[in-house]
Amino acid sequence: ATHRCFGLFILACGLMQGSHTVYYSFGTLHWRAAGVDDAVIGFLWAWGVIAEVVLFAVGARATALFGPLGLIGLAAAGGLIRWIVLGATTALPALVLAQTLHGLTFGAAHLGAMAFMARAAPEGNAVTAQTLYSSLAMGGAFAATLLWVGPVYAAIGADAYFLMAGLSIAGGLSVALLAR
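The rules behind each value
- Residues numbered from 1 in each chain as written.
- Predicted model: local features only at pLDDT ≥ 70, side-chain atom pairs only at ≥ 80, totals over all residues.
- Heavy atoms only, no water.
- Helix = DSSP H or I, 4+ residues; strand = E, 2+ residues; numbered from the N terminus.
- Expected span 1.5 Å × (residues − 1).
- Contact = heavy atoms within 4.5 Å.
- Polar contact = N/O pair within 3.5 Å; in protein donor to acceptor, adjacent residues only side chain to side chain.
- Axes fitted to C-alpha atoms, helices over the stretch in contact; angles between N-to-C directions.
- Parallel < 35°, antiparallel > 145°, perpendicular 65-115°, else oblique.
- Left-handed = near helix turned anticlockwise from the far one by under 90°.
- Nonpolar A, V, L, I, M, F, W, Y, C, P; charged D, E, K, R; others polar.
- Phe/Tyr/Trp six-rings, centres within 6.5 Å; stacked < 30°, edge-to-face > 60°.
- Buried < 20%, exposed > 50% of the residue type's maximum accessible area, 1.4 Å probe, protein only.
- Lys NZ or Arg CZ within 6 Å of the ring centre and 35° of its normal.

Enquirer: So what exactly am I meant to see when it comes to helix H3 (residues 38-57) here?
Expert: Given 3.6 residues to a turn, an α-helix orients residues that are three or four positions apart in the same direction. In this model, H3 (20 residues) spans 29 Å end to end at C-alpha, consistent with the 28 Å of a helix rising 1.5 Å per residue. Lining the buried residues of H3 we find helix H2 (21-33), helix H4 (59-88), helix H5 (92-100) and helix H6 (102-120). Of the residues flanking the start of H3, the one acting as N-cap is Asp37, its side-chain oxygen 2.9 Å from the backbone nitrogen of Ala39.

Have a look at this one:
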C-alpha cells in the first residue's frame, strides 16, 4: 500500500510540476511577442520568486494549517487559475496576479511534497523518497511534458497554457485520490 500511495504522490507532484512546462519554456517568448518590455518581463520573473519565498517564509504555519496534501491541492487550484489567466491575456495586472500564484503552483506543491515525504517515507528511506521525487516528479515529468509541449506551443501558441490547466486538474484529482 505504501508503494501505491507513493506512486500516486509522485504522479500528483509530477503533474503539478509538469504543468509549468509552457511557462518555463515559452513564457518570456510569449510576453515579448505580445509587446511586454524586457524590464517588465524581468520584474514578472522576480515577482514569481518573491511570491514563492514569502510562502516558504510562512511554510511551517501553512503546512500546519493545510497539511501536505492540502498544500498540493492548493497548488492544483492555483495552477488552474494561473494557466487559464496566462493563456487568456497578457494584460499587466493579470500577469502580476498569475506570477503571484507561483507561490502556490510551485511553492505550495514543493512544500507539501517535502512535508508529505517527511511524514510518509518509511524510516531510513527519506533519501530514496527525495531522490525519486526530484528525479521523477520534478525532472522526469518536466522532461516528458517538454517532449510534446514544443510542437503544441508552435501550433497553438498561448492556448497551450489551457493544456497546462488540464495537468493541474489531473494533479488535483490525483491528490484527491491520494487523500482517500
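Enquirer: I would appreciate a short explanation of the packing of H2 against helix H8 (residues 160-179) in the present structure.
Expert: The geometry of a pair of packed helices is captured by two quantities: the angle between their axes and the separation between those axes. Packing of H2 against H8 brings their axes to within 10 Å, and their N-to-C directions diverge by 155 degrees. One way to sum up the angle between H2 and H8 is to call them roughly antiparallel. H2 and H8 meet at a crossing whose hand is left-handed. The residues of H8 that touch H2, namely those facing Thr21, Val22, Tyr23, Gly27 and His30, are Ala160, Tyr161 and Met164. When its residues are assigned to classes, the contact of H2 with H8 shows five nonpolar, three polar and no charged.

Enquirer: What is the right way to look at the packing of aromatic side chains in this model?
Expert: To describe a pair of aromatic rings, one takes the distance between the centres and the angle between the planes. Under the definition given, this model contains 13 aromatic pairs. Between Phe26 and Tyr153 the ring centres are 4.4 Å apart and the planes differ by 5 degrees, which places this aromatic pair in the stacked class. Taken together, the residues Phe26 in helix H2 and Tyr153 in helix H7 (residues 126-156) connect sequence positions 127 residues apart. Residue class for Phe26 comes out buried when judged on its relative accessible area of 16%. The exposure class assigned to Tyr153 is buried, which follows from its relative accessible area of 15%. Site record: aromatic cluster; members linked through ring pairs are Tyr23, Tyr24, Trp31, Trp45, Trp83, Phe142 and Tyr161. Directly above the ring of Tyr23 sits Arg82, whose terminal nitrogen or CZ lies 4.3 Å from the centroid.

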